[in-house]
Amino acid sequence: MSDKKDTVLVHVNVEITADALKAIVENTKKLYGKDKDGFYHIDTASKVGEMISLFLLERDFESFAKDLKNYKK
């Protein structure tokens, strides 16, 4: 994902809104389109992971994770 930092792939459950999921699926379908038989050949679940990873990287999740005040007991 990143050329600048070493990253680790972590499989987790995240809670997002239905509208965010719908937007990712719709935009991914627009981006990749259908094949000649009218089928989509995209893994939208992987795209969700890519989008969340990109968001976390661009918004400096590392600093957020290092700050103890962001942890709840």
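A. View of the side chain of Lys-47. Checked against the element boundaries, Lys-47 lands in helix 2 (residues 44-58). Under the relative-accessibility criterion, Lys-47 is labelled buried at 14%. Setting aside residues up to four positions removed in sequence, Lys-47 forms contacts with Ile-24, Thr-28 and Tyr-32.

B. Inspection of unusual backbone geometry at higher detail. Within the chain, Asp-60 stands out as a residue other than glycine whose phi angle is a positive 60°. With respect to the helices, strands and loops of the structure, Asp-60 is situated in the loop between helix 2 and helix 3 (61-66).

C. Inspection of the packing of helix 1 (residues 18-32) against helix 2 at higher detail. Look at helix 1 against helix 2: their axes get within 10 Å of each other, and the N-to-C directions meet at 110°. In terms of axis orientation, helix 1 runs roughly perpendicular to helix 2. As helix 1 runs across helix 2, the sense of the crossing is right-handed. Contact residues: Leu-21, Ile-24, Val-25, Thr-28 and Tyr-32 in helix 1; Thr-44, Lys-47, Val-48 and Met-51 in helix 2. The class makeup of the residues in the contact of helix 1 with helix 2 is six nonpolar, two polar and one charged.

D. Focus on the environment of Lys-72. Following the sequence through the fold, Lys-72 ends up in the segment after helix 3. Considered as a pair, Lys-72 and Glu-15 are 57 residues apart in the sequence and their alpha carbons are 17 Å apart.

E. View of helix 2. Between its terminal C-alpha atoms helix 2 stretches 21 Å, which fits the 21 Å expected from 15 residues at 1.5 Å a residue. One side-chain oxygen of the residue at the start of helix 2 lies 3.2 Å from the amide nitrogen of Ala-45, identifying that residue as Asp-43. Where helix 2 terminates, the next one or two residues include Asp-60, which has phi positive at roughly 60°.

F. Layout of the pattern of salt bridges. Counted under the stated rule, the structure contains five salt bridges. A salt bridge links Glu-50 to Lys-47; the shortest N-O distance between them is 3.0 Å. Here Glu-50 pairs with Lys-47, and both are found in helix 2, just three residues apart, close to one helical turn. Its salt-bridge partner being Asp-67, residue Lys-69 comes within 3.8 Å of it at the nearest N-O pair. Accessibility expressed as a relative area gives 63% for Lys-69, which makes it exposed.

How each quantity is defined
For every chain, the first residue of the written sequence is number 1, and numbering continues from 1 onward in sequence order. For a predicted model such as this one, the threshold for reporting local features is a pLDDT of at least 70, and the threshold for listing and counting side-chain atom pairs is 80 or more; totals across whole chains, interfaces and linings nevertheless cover every residue. Note that the side-chain values use all heavy atoms of the structure and ignore hydrogens as well as water. Segments assigned H or I by DSSP are reported as helices when at least four residues long, segments assigned E as strands when at least two residues long, and all are numbered from the N terminus. Partly exposed describes any residue whose relative accessible area lies between the buried limit of under 20% and the exposed limit of over 50%, with all areas from a 1.4 Å probe on protein chains only and scaled to the type maximum. Contacts are assigned to residue pairs with any non-hydrogen atoms lying within 4.5 Å of each other. Whenever a helix is involved, its axis is fitted only over the stretch in contact; in every case the axis is a line through C-alpha atoms, and angles between N-to-C directions fall within 0 to 180 degrees. Relative orientations are named as follows: roughly parallel for angles under 35 degrees, roughly antiparallel for angles over 145 degrees, roughly perpendicular for angles from 65 to 115 degrees, and oblique for any other angle. The crossing is said to be left-handed when, going from far helix to near helix, the turn is anticlockwise and less than a right angle, and right-handed when the turn is clockwise. Under the convention adopted here, Pro, Cys and the residues Ala, Val, Leu, Ile, Met, Phe, Trp and Tyr are nonpolar, Asp, Glu, Lys and Arg are charged, and Gly plus all remaining residues are polar. Helix span, expected: 1.5 Å multiplied by one less than the number of residues in the helix. Counting of polar contacts relies on pairs of N or O atoms within 3.5 Å, with two restrictions inside protein: one atom must be capable of donating a hydrogen and the other of accepting it, and residues adjacent in sequence are counted only when both atoms are side-chain atoms. Here a salt bridge means any side-chain nitrogen of Lys or Arg lying within 4 Å of a carboxyl oxygen belonging to Asp or Glu.

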